[in-house]
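Close look at the chain arrangement
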Amino acid sequence: MSAPSSQPGDAVLHRKIAEQLSQHYEVVKTQHVRDLFARDAQRFERFSVEIPGLLLDYSKNRITTETMSLLADLAREANIEGWRDRLFGGEKINTTENRAVLHVALRNRSNAPVITDGEDVMPPVNAVLDKMGLFAARVRGGEWLGYSGQVITDVVNIGIGGSDLGPQMVYQALKPYRHERLRVHYMSNVDGAHVLDVLDGLNPATTLFIIASKTFTTQETLTNAQAVRRWFLRAAGDEAYIAQHFVAVSTNTDAVRAFGIDPANMFEFWDWVGGRYSFWSAIGLSIVLAVGMGRFTDLLAGGHAMDQHFQQAPLEQNMPVILALLGVWYNNFFGAESHVVLPYDHDLRSLPAYLQQADMESNGKSVDRTHTAVKYQTGPVIWGATGINGQHAFYQLIHQGTKLIPADFIVSLQPHETVGEQHDILMANFLAQTEALMCGRTLAETRAVMQAEGRADDETIAHKVFAGNHPSNAIMLDKLTPHTLGMLVALYEHKIFVQGIIWNLNSYDQWGVELGKQLAKTILPELTAVEDTLAHDGSTNALIQRYRDTKK
Ligand code: F6P
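As a starting point, this report considers the structure included with it. (Residues numbered from 1 in each chain as written. Predicted model: local features only at pLDDT ≥ 70, side-chain atom pairs only at ≥ 80, totals over all residues. Heavy atoms only, no water.)

What about the sheet that holds strand S8 (residues 246-250)?
Spatially, S6-S5-S7-S8-S9 is the arrangement adopted by the five strands of the open sheet, whose pairing is parallel. The outermost strands of the open sheet, each flanked by one partner alone, are strand S6 (183-187) and strand S9 (266-268). The sheet shows a mean angle of 20° between the axes of neighbouring strands, direction not considered. The pairing of S8 with S9 spans three bridges and is parallel. When the bridges of S9 are listed, Val249 appears paired with Phe267. Across the sheet, helix H10 (residues 219-236) is in contact with strand S5 (154-158), S6, strand S7 (207-212) and S8; its angle to S7 comes to roughly 160°. (Pairing = 2+ DSSP bridges. Helix = DSSP H or I, 4+ residues; strand = E, 2+ residues; numbered from the N terminus. Axes fitted to C-alpha atoms, helices over the stretch in contact; angles between N-to-C directions. Contact = heavy atoms within 4.5 Å.)

A short note on the sheet that holds strand S10 (residues 338-344)
Pairing is mixed in the open sheet, where six strands are placed in the order S1-S2-S13-S12-S10-S11. Of all strands in the sheet, those bounded by a partner on one side alone are strand S1 (48-51) and strand S11 (381-384). Each adjacent strand pair in this sheet contributes to an overall mean axis angle of 15°, direction not counted. Of the strand pairs in this sheet, S1 and strand S2 (residues 54-57) are connected by four bridges, and their pairing is antiparallel. When the sheet's bridge partners are listed, Val49 is paired in S2 with Leu56. Here helix H20 (residues 482-502) sits on the sheet in contact with S1, S2, S10, strand S12 (407-414) and strand S13 (472-479), set at roughly 155° to S13.

Here we look at the nonpolar core
Core analysis: the biggest nonpolar cluster contains 119 residues, and Trp329, Ile475 and Leu485 have the highest contact counts within it. Those residues in contact with Leu485, other than ones at most four positions away along the chain, are Met169, Val170, Ala173, Leu174, Leu299, Leu348 and Leu480. Counting 25 residues, the second largest nonpolar core, distinct from the first, contains Leu202, Trp231, Phe259 and Ile261. (Core = buried A, V, L, I, M, F, W, Y, C linked by side-chain atoms within 4.5 Å. Buried < 20%, exposed > 50% of the residue type's maximum accessible area, 1.4 Å probe, protein only.)

Observations concerning the site of the ligand
Around the ligand, the structure places 14 residues, and the nearest of them are Ser163, Ser213, Lys214, Thr215 and Thr218. A distance of 2.5 Å separates an oxygen atom of the ligand from a polar atom in the side chain of Thr218. Lys517 places a side-chain nitrogen or oxygen 3.0 Å from an oxygen atom of the ligand. When the ligand is considered free in solution it has 400 Å² of accessible area, and contact with the protein chains removes 88% of it. Counted by class, the shell around the ligand contains two nonpolar, nine polar and three charged residues. (Near = heavy atom within 4 Å. Polar contact = N/O pair within 3.5 Å; in protein donor to acceptor, adjacent residues only side chain to side chain. Areas by Shrake-Rupley, 256 points an atom, 1.4 Å probe, with all protein chains shown as cover. Nonpolar A, V, L, I, M, F, W, Y, C, P; charged D, E, K, R; others polar.)

Points about the pattern of salt bridges
Going through the model one piece at a time under the given rule, you end up with 21 salt bridges. Salt-bridge contacts for Arg455 lead to Glu453; the nearest nitrogen and oxygen are separated by 2.1 Å. On the accessibility criterion, Arg455 (40% relative accessible area) is partly exposed. Taking relative accessible area as the criterion, Glu453 reaches 49% and is therefore assigned partly exposed. Look at the salt bridges and you will find they share partners, linking Asp73, Arg76 and Glu316 into a network. (Salt bridge = Lys/Arg side-chain N within 4 Å of Asp/Glu carboxyl O.)

Points about the packing of aromatic side chains
This structure, assessed with the given rule, holds 27 aromatic pairs. Look at Tyr147 and Phe232: their rings are 5.7 Å apart centre to centre, the planes differ by 80°, and that puts the pair in the edge-to-face class. Of this pair, Tyr147 sits in the loop between helix H7 (122-140) and S5 while Phe232 is found in helix H10, placing the two residues 85 residues apart along the sequence. Ring centres 5.3 Å apart and planes at 45° place the aromatic pair Trp329 and Phe333 in the tilted group. Here Phe333 and Trp329 lie together in helix H14 (residues 319-333), a separation of four residues that amounts to about one turn. A single burial state applies to Trp329 and to Phe333, both of which are buried. Ring-pair connections join several aromatic residues into one group, and the members of that group are Tyr147, Phe209, Trp231, Phe232, Tyr241 and Phe246. Positioned above the aromatic ring of Trp280, the side-chain terminus of Arg107 is 4.4 Å from the ring centre. Directly above the aromatic system of Tyr171 lies the positively charged group of Arg178, at a separation of 3.8 Å from the ring centroid. (Phe/Tyr/Trp six-rings, centres within 6.5 Å; stacked < 30°, edge-to-face > 60°. Lys NZ or Arg CZ within 6 Å of the ring centre and 35° of its normal.)

With respect to unusual backbone geometry
You will see that Asn469, though not glycine, has its phi angle at about 65°, which is positive. Relative to the elements of secondary structure, Asn469 occurs in the loop between helix H19 (443-452) and S13. Judged by relative accessible area, Asn469 falls into the buried class, the value being 9%. Its identity is not glycine, yet Asn504 carries a phi of approximately 60°, on the positive side. Judged by its relative accessible area of 23%, Asn504 falls in the partly exposed class.

In short, the description is geometric, and any link to function would need to be established separately.
What follows is the structure, given as structure tokens:
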């Protein structure tokens with residue numbers, strides 16, 4: 001399949017409005033946002049939206065009122081509102097797997113019925129939440145004891161992908177709310193180094209293991225779980241103790257039982273919860289253990305608040321829709337290939353990795369809903385790191401490189417902890433970076449600065465000029481709390497959904513991860529096989545042989 005083009009307005013998405021957007025792009029691409037601000041004193045008010053706890057300022061983007069109006073028309077033409085109703089209505093919009101997509105039901109604090117396959121999913125959702133709450137209360141309260149009668153001090157979540165990245169990101173983000181006795185650790189990599197790293201210093205008698213796997217067939221998770229089980233039994237000595245130290249989170253009761261875990265110690269979820277959308281479900285058990293059911297409910301309520309905003313706000317005022325449309329604007333018209341996420345909050349340091357899976361596994365596709373290869377660009381590369389660290393590493397390229405990289409800056413207005421004037425410094429840097437990216441610095445301004453410093457300019461001055469016009473969004477949380485975190489994640493989830501609809505993708509399958517898994521299964525026995533007939537390509541054959549030789 002040849003790579004889709006990324007020409008500006010590449011008959012984007014076969015939408016009628018694309019031609020108008022393409023013509024409009026030709027005008028906007030020559031304009032500088034700095035000039036747009038100079039001409040419009042209301043630009044910030046015009047291009048910002050707020051719901052309690054979260055402000056989105058998108059005024060530093062390469063847009064005009066007409067841009068946003070045309071993009072809203074694109075959303076209407078793609079029938080975002082209709083698809084949104086189908087999502088919340090429990091329709092099986094994950095057509096390649098014949099599944100509904102109902103992570104929104106997991107945080108449906110209104111408790112209004114959500115029907116799929118003729119059944120209201122809310123009673124089972126609430127039942128599992130209750131079970132999680134009761135279990136967590138016993139562990140947190142010191143009632144649930146290990147095999148030697150001691151309280152649990154450590155929890156290890158064994159899972160990968162959505163069964164790891166989501167709970168781990170939330171656990172980090174909610175650090176100020178954690179239980180003082182319980183520490184949670186995350187084990188994902190099928191690498192002895194990671195297993196030993198996590199187990200190092202843990203006491204089997206006071207450690208609880210959560211085996212978190214939607215399918216309960218994932219090789220990495222099950223291999224690690226078996227290794228940990230052996231480690232545990234070496235100390236505990238009796239299989240009867242497994243029940244006190246191992247619980248499972250899964251949709252697959254049979255596989256959990258086959259592993260040796262009593263289904264009574266299993267927390268269920270359902271096939272209509274995608275792995276990368278699953279920390280709202282029982283996959284969030286490690287979060288509940290760490291911060292308690294009350295805080296977890298606040299997290300769900302934050303997600304629900306964003307769901308309501310997404311369902312009720314007009315497209316022009318709708319945060320997820322706005323973020324999605326801006327992404328399409330840069331991806332399909334400006335030819336941007338990546339999107340950077342820059343939290344100015346240490347506790348959000350895992351958000352970029354979390355969003356990488358959420359976005360790239362959802363919209364990294366090249367076949368559309370009609371099973372046809374697309375002729376336009378779909379999901380961008382998502383990357384990022386904490387902003388401050390990034391400033392001293394990769395921002396150089398964003399400021400002065402040849403690529404256009406739209407950025408999301410995420411800040412919390414109030415910190416949980418202040419050390420001296422640290423938070424002011426953090427905020428000053430966030431503000432300075434978004435301003436510098438947008439305004440840049442002209443040759444004349446650079447010359448004036450140098451002269452004011454008593455320095456003569458020479459030919460190196462060209463290196464000190466900043467073109468600016470680099471777009472960014474600022475997402476400001478009042479404070480990083482369970483509620484605002486829930487809103488933030490749901491904001492991105494719905495952004496991804498809207499983009500998937502515009503690109504006519506099924507954002508809820510992930511067939512692209514299968515081929516590698518199948519090949520690994522074929523190759524694994526070959527690594528130790530004695531006969532040397534290998535039927536791969538020359539490179540793979542040679543590498544396998546090299547590994548065999550080393551093992552000898
Ligand atoms: O291989 C990709 C994937 O299927 C992800 O979508 C998922 O989050 C991860 O693996 C883990 O899957 P499971 O929870 O079934 O172990």
